[in-house]
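Here is what each chain is made of, one letter per residue.
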Amino acid sequence: MIKETTLSRSVRMICVGGLALGLQAAHAQEAATDSIQKVQITGSRISSPGAESPSPLQILSSADIAASGATTLQDLLQKNPTMGTPSLSRTNSNFVTSSAGVSTVNLRNLGDSRTLVLVNGRRFVSGVPGDTAVDLNTIPTDFIERVELLTGGASATYGSDAVAGVVNIILKRNFNGLLFDASTGRSSEGDDFKKKLSLTFGTSSADGASNVMGHFGYSKQGAVFSRDRAISANDQTSKLPKTKKASDAFIPVPNLSSFAPQGHFTGDEEDFTYDRAGNIIPWNTNGGNGQAATGFNRSAFRTIAIPTERFLFATTGNYAINDKVSAFFEGNFASSKTRTNTEPFGLGSDDIYKASEGLVPAETMVNGKAVRNPLVPQYLYDRITDKDGDGLRDYSFTRRMSEVGSRTQTADRDTFRLATGLKGSVGDWTYDTYIAYGKTKEAQNSSGQVNVLNFRNALEAIPDGNDVNRNGSTTDAICADANARAFGCVPINLFGYNTVSPEALKYVIAPGSLTTSITQKLAGGSISGEYFDLPAGKIGWAAGFEWRDEQSSAVPDPLTQAGLNAGNALPPTEGGYHVREFFIETRVPLLKDQPFAKSLAFNGAFRNGHYSTVGNTNSWNAGLEWAPTSDIKFRATRATSTRAPNINELYTAPSQTFPDVSDPCEGVTATSTGKYDAGCRANPYVRANIAANGKVVLTQPDLQGVSGYDSGNPGLKAEQGRSTTVGVVLTPRSIPMLSKFTFTADYFNIKISDAILLSDRQYTLNQCYTGDAAYCKYVTRRTATVGDSSVGALKYVDSLYLNSGGKATEGIDITASWSDYVGPGRLSANVAYTYLKDFWERPQQDADRDYSVGEVGYARNKAVINLAYKWNKFGAHMTTSYTGSGALNDQFLLTNKLQPGSVKVGSKTYNDFQFTYDVAKKIELYLGIDNAFNTKPAPIISGLPGNTTGTETNASVYDPIGRRFYLGVRGTL
């Protein structure tokens, strides 16, 4: 145990960000003795009996993890009000091209890459190719002793990436015996099945100086499909973008896809499709005017939560070489399998015939004569002419390739890490040296795409037989290209439901693959101690070095790289860097046991790093702790942190994506006088749209089909964050009525200059059409009307990583905790609250600030209350988490001619319960209910900013699954 002023006070101060100390932690707290050991806390390298953090240090115990029933650590951390929306989770990654199902963490909403995750104080290999974000799925929850969260810059102590703070995961140690936990559960809708089994075992030497532990864990979480929730069962979109009325924001209107399984075909002047009986009927995407809808419901195939299966193994050990030196090791292995599922691929003729904007020849020149493709129906053939000047009639189409099946991505992801080193002491000095190696690799196989080159060959067919001048009177067809026929080409019939033959399907189908690899090598060492007695005590200090090498690669299959599978063009991304760093830290006691100064101490640290990519960087922090009495302490820190660009930000080749943007030119007329109107009319293709329609009219495919490319930037420089925290800790032990009470309040202010961000596409569009031509080079519009795609519609809006104009957040954290006997049992109560005063981002150096505070995902008010009661064999734990109301993104509202803050969603409260019963001295049954009152998610439906595709809400902020139950047993043997 350690003395009261160190770790137990840190635990008691809770800053647990609303994560309650479990009852076990409360009992352990009371059992604290006065024996003194040197300890090291998160945020400092100094080992000292008096070590305390001048920054808010939040602690989550193993009892908290058990009381939550969480399968992964992310599930629990996301209830912390200091946490922002993670980039990757099981409910928001169904559409990502890699890392589906990964669980990351995002302190203060400043970005996953600015939150440094450590294991036992050392870095852990990333789970995201090209990034530094750690996959929390790879760390077994039941092997965790505690989690320490340090909010605010910590780069001087731990190096790059700690701009927002540090999550330090401390694993169990010196455990003897066997600890088991098994549970199963599901949602009230009968899905989201989960089961978990974990075994932790350990043994120690006879003298207790050496110990070895192991952990095995298995978990499986089932899928949740969009079709199984009323809010997301049908393709829909917000009515607001069309009407520009705030009252229409959450009114959904049908938004079926114009890419339908039976095909959608366009001739010179009309378009048509087929009914189930094979009859030609007019096309009507969403129905109306007495006609049934002919579009396609994508939501019938989409996934809300990705099915995930995990095997985990972890081990730690400590061997005492003698009473001064010990060797340690840590090993982790995690193997996971995930499967994403989306609707069958929507193929457009412009995917196949890019040069002609999607015009498909209905004829082929044979012996100097134009010969009709016999698979082209007469109805269409009679209504088309030559539109591209090659002498052949042509048409365009879109079609959902349902015969190919759903698009799936099955990913096998393995993470391996091994760390070893020596710890010891020389006199009053302690030292710690280590080396570590980590590797994450992913092998992904995907289905549902087609080979563009083969598809083109299959579309260009001629009649079979010698008489090729019958002008297509036969239905027998062969591929026109003899070389293609030699390689198995079979003509493809797209006209109607289920018309693609198995032979043609086999020829055009294109399975995909992606292999990724992330490698991390670490070496470091530090020495710490105390020297030079001052009247208030000894000066503590630490110094050391670290070397790190990071390598990453993501290599898609050749067709995907070339964009020849009709999907996103994804070239390989490969790169790496290394860094050498030196640091020094000190803690100077200034006053002790003086009037109005029970203690006063200064903390300072400095780190210099040299990166192979950005050169030298410097970080520092300085802090003061002042305790006028034993019951109150004030703390303040000022820090400068750095973050070097990661591999993706530096080296990503142009990678295709499909962003959600609003075209500022929509609705512009020849005489309108809006903010963007003159700039829009300067574009000749926009003028052509106005000439054809009287104003800029965009079809549903125009709105759904905007693409673009994201690119890295080798010229990036490091970003720098400056953080300030000022707080007070009240532990009124001298007042009997309040002796069990702890209160903390901390002000935080973090500003990041030159923040590395992808350039904002909406800002790019807005700037281009307000007269800044420099931005127009990133915008490409369609040069002609083809099918349902209009001339002048947006085709590509590109983005690249830049050192932006900055990013900042400011607010207040308040926590309170109390624990004592009430009635026949013991009650623990904890509350945490975060008030977000400000949050802004400047997308480019010359841009105005874009304020997000008060928007969805950036609620001004977030809180969590934890109550736990233990009475004899019975126990109950309740967690109530609250997220305040949020407005839609102000830039989106302004683009739609609405005032910022004019469209809001209400607050949401979620209640989780767990009940326990001790069936034996060391064995406990537990029953849990998450989202017990089945709180519905906010309706952030398609077409609104923040929507997570397939969920009709923001699945990073709100629970898209609903009420869930679980039952389990745990204990020790």
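For the structure, check the block above.
Residues numbered from 1 in each chain as written. Predicted model: local features only at pLDDT ≥ 70, side-chain atom pairs only at ≥ 80, totals over all residues. Heavy atoms only, no water.

**So, the overall build of the protein**
Part 1: Scanning the protein from N- to C-terminus turns up 18 helices and 50 strands.
Part 2: Computed over C-alpha atoms, the radius of gyration of the protein comes to 31 Å, within 12% of the 30 Å expected from 2.2 N^0.38 for 973 residues, which places it in the range of a compact globule.
Part 3: In terms of overall dimensions, the protein has C-alpha extents of about 105 × 60 × 55 Å along its principal axes.
Part 4: Looking at the protein residue by residue over its 973 residues, the buried ones come to 58%.
Part 5: When contacts within the protein are restricted to residue pairs at least 6 apart in sequence, long-range pairs at least 24 apart make up 71% of them.
Part 6: Just so you have it, the protein exposes about 37900 Å², and 56% of that area is on carbon and sulfur atoms. (Helix = DSSP H or I, 4+ residues; strand = E, 2+ residues; numbered from the N terminus. Rg over C-alpha atoms; globule rule 2.2 N^0.38 Å. Buried < 20%, exposed > 50% of the residue type's maximum accessible area, 1.4 Å probe, protein only. Contact = heavy atoms within 4.5 Å. Areas by Shrake-Rupley, 256 points an atom, 1.4 Å probe, with all protein chains shown as cover.)

**Topic: the pattern of salt bridges**
Part 1: Under the defined criterion, the tally for this structure stands at 44 salt bridges.
Part 2: Across the pair D192 and R90 runs a salt bridge whose closest N-O atoms are separated by 2.5 Å. With a gap of 102 residues between them, D192 in the loop between β6 (177-187) and β7 (194-204) and R90 in the loop between α4 (73-77) and β2 (115-119) connect regions that are remote in the sequence. There is no split in this pair, since D192 and R90 are both buried.
Part 3: Put simply, D432 and R122 hold a salt bridge, and the shortest N to O gap is 3.8 Å. A residue pair is termed long-range when its members are at least 10 positions apart, and D432 in strand β24 (residues 429-447) and R122 in strand β3 (residues 122-123) qualify at 310 residues. (Salt bridge = Lys/Arg side-chain N within 4 Å of Asp/Glu carboxyl O.)

**What about a positive patch on the surface?**
Part 1: Taken together, the side chains of R638, R722, K751 and R849 present a region of like positive charge at the surface.
Part 2: Inspection of the secondary structure assignment puts R722 in strand β35 (residues 719-730). (Patch = residues over 30% accessible without salt bridge, like charges linked within 9 Å, V, L, I, M, F, W, Y side chains within 5 Å. Lys, Arg positive; Asp, Glu negative; His and termini not counted. Charge placed at Lys NZ, Arg CZ, Asp CG, Glu CD.)

**A short note on the state of the cysteines**
Part 1: Taken as a whole and judged by the stated rule, the model has three disulfides.
Part 2: With its sulfur 2.0 Å from that of its partner, C479 forms a disulfide with C489. Taking the sign of the S-S torsion, about -80° here, the bridge from C479 to C489 comes out left-handed. Taken as a pair, C479 in strand β26 (residues 477-479) and C489 in the loop between α10 (482-486) and α11 (502-508) lie far apart in primary sequence, 10 residues in all. Here C479 matches C489 in class, with each residue buried.
Part 3: The disulfide partner of C665 is C680, and the S-S distance across this bridge is 2.0 Å. Sign of the S-S torsion, about -90° for the bond between C665 and C680, identifies this disulfide as left-handed. Linking C665 in the loop between β33 (655-657) and α14 (677-681) with C680 in helix α14, this pair joins segments that are 15 residues apart in sequence. (Disulfide = S-S within 2.5 Å.)

**Details of the environment of G217**
Part 1: Looking at where G217 falls in the secondary structure, it is placed in strand β8 (residues 211-221).
Part 2: Taking the C-alpha atoms as reference points, G217 and N954, 737 residues apart in sequence, are found 30 Å from one another.
Part 3: Setting aside chain neighbours within four positions, we find G217 in contact with L197, S198, R310, F311 and L312.

**Looking at the pairing of strand β4 (residues 144-151)**
Part 1: Of all eight residues in β4, seven are buried; the element is thus mostly enclosed.
Part 2: In this sheet, β4 lies alongside strand β1 (residues 57-61) in antiparallel orientation, the contact comprising five bridges. Bridging from a neighbouring strand, S61 pairs with R146 of β4.
Part 3: Pairing between β4 and strand β5 (residues 165-171): seven bridges, direction antiparallel. (Pairing = 2+ DSSP bridges.)

**As for the sheet that holds β1**
Consider a sheet: its strands pair through backbone hydrogen bonds, and that pairing is either parallel or antiparallel.
Part 1: What the five strands build is an open sheet, ordered β1-β4-β5-β2-β3; its pairing is mixed. Strands with a single pairing partner mark the edges of an open sheet, and in this sheet they are β1 and β3.
Part 2: Relative to β3, β2 is paired through two bridges, and the arrangement is antiparallel. Looking across to β3, one finds that L118 is bridged to R123.

**Some details on helix α9 (residues 452-459)**
Part 1: Buried within α9 are the following residues: V452, N454, F455, A458 and L459. One face of α9 carries all of its buried residues, which in axial projection span an arc of 160°.
Part 2: Its side-chain oxygen placed 3.0 Å from the backbone nitrogen of L453, N451 serves as the N-cap of α9. (Arc of directions from axis to C-beta. Polar contact = N/O pair within 3.5 Å; in protein donor to acceptor, adjacent residues only side chain to side chain.)

**Details of the side chain of T82**
Part 1: Mapped onto the elements of the fold, T82 is located in the loop between α4 and β2.
Part 2: Engagement of the side chain of T82 in a polar contact is seen with the side chain of N80, the distance being 2.7 Å.
Part 3: Aside from chain neighbours lying at most four places away, what touches T82 is Q58, N106, L107, R108, T151, D813 and T834.

**Concerning the nonpolar core**
Part 1: If you look at the biggest cluster of nonpolar residues, it comprises 37 residues, and the most contacted ones within it are L73, L77, I139, I144, V147, V167 and I169.
Part 2: When contributions to this core are tallied by element, the ones reaching two or more residues are α4, β2, β4, β5, β36 (741-753) and β42 (825-842).
Part 3: When residues no more than four places from it in sequence are discounted, the contact partners of I144 are S62, I65, L73, I139, I169, I170, L171 and K172.
Part 4: If you look at the next biggest cluster of nonpolar residues, it comprises 34 residues, including F272, Y381, V452 and C489. (Core = buried A, V, L, I, M, F, W, Y, C linked by side-chain atoms within 4.5 Å.)

**A word on the packing of aromatic side chains**
For any two aromatic rings, the description comes down to two numbers: the centre-to-centre distance and the angle of the planes.
Part 1: Evaluation of the coordinates by the stated rule reveals 20 aromatic pairs.
Part 2: Taking the centre distance of 4.4 Å and the plane angle of 25° together, the rings of F265 and F495 count as stacked. Linking F265 in strand β12 (residues 264-266) with F495 in the loop between α10 and α11, this pair joins segments that are 230 residues apart in sequence. The same class applies to F265 and to F495, which are both buried.
Part 3: Pairing W429 with W541 gives two aromatic rings, centres 5.8 Å apart and planes at 90°, and the pair type is edge-to-face. Linking W429 in strand β24 with W541 in strand β28 (residues 537-556), this pair joins segments that are 112 residues apart in sequence.
Part 4: Relative accessible area serves as the criterion here: at 41%, W429 is assigned to the partly exposed category.
Part 5: By relative accessible area, W541 is classed as buried at 17%. (Phe/Tyr/Trp six-rings, centres within 6.5 Å; stacked < 30°, edge-to-face > 60°.)

**What about a nonpolar patch on the surface?**
Part 1: Taken together, the side chains of L197, F201, F216, F311, F313, F333, F416, L418 and Y437 define a hydrophobic patch exposed on the protein surface, amounting to about 770 Å² of accessible area.
Part 2: Elements supplying a minimum of two residues to the nonpolar patch: β7, β16 (308-320) and β23 (407-426).
Part 3: Looking at the element boundaries, F416 is found in strand β23.

**Points about the pairing of β8**
Part 1: Judged by how many residues are buried, β8 sits mostly within the fold: eight of 11 residues are covered.
Part 2: As paired strands, β7 and β8 are joined by 11 bridges and run antiparallel to one another. Each bridged residue has a counterpart across the sheet, and for L197 the counterpart in β8 is Y218.
Part 3: The hairpin formed by β7 and β8 contains six residues between the paired strands, and G208 there has a positive phi angle of roughly 75°.
Part 4: With 11 bridges joining them, β8 and β16 adopt antiparallel strand pairing. Note that in β16 the partner of M213 across the bridge is T316.

**A word on unusual backbone geometry**
Part 1: Unlike most non-glycine residues, D192 shows phi in positive territory, near 55°.
Part 2: A residue is classified by how much of its surface remains accessible, and D192, at 7% relative accessible area, is buried.
Part 3: Within the chain, K244 stands out as a residue other than glycine whose phi angle is a positive 60°.
Part 4: Along the polypeptide, K244 turns up in the loop between α6 (240-243) and β11 (252-254).
Part 5: Taking the relative accessible area as the measure of exposure, K244 reaches 29% and is therefore partly exposed.

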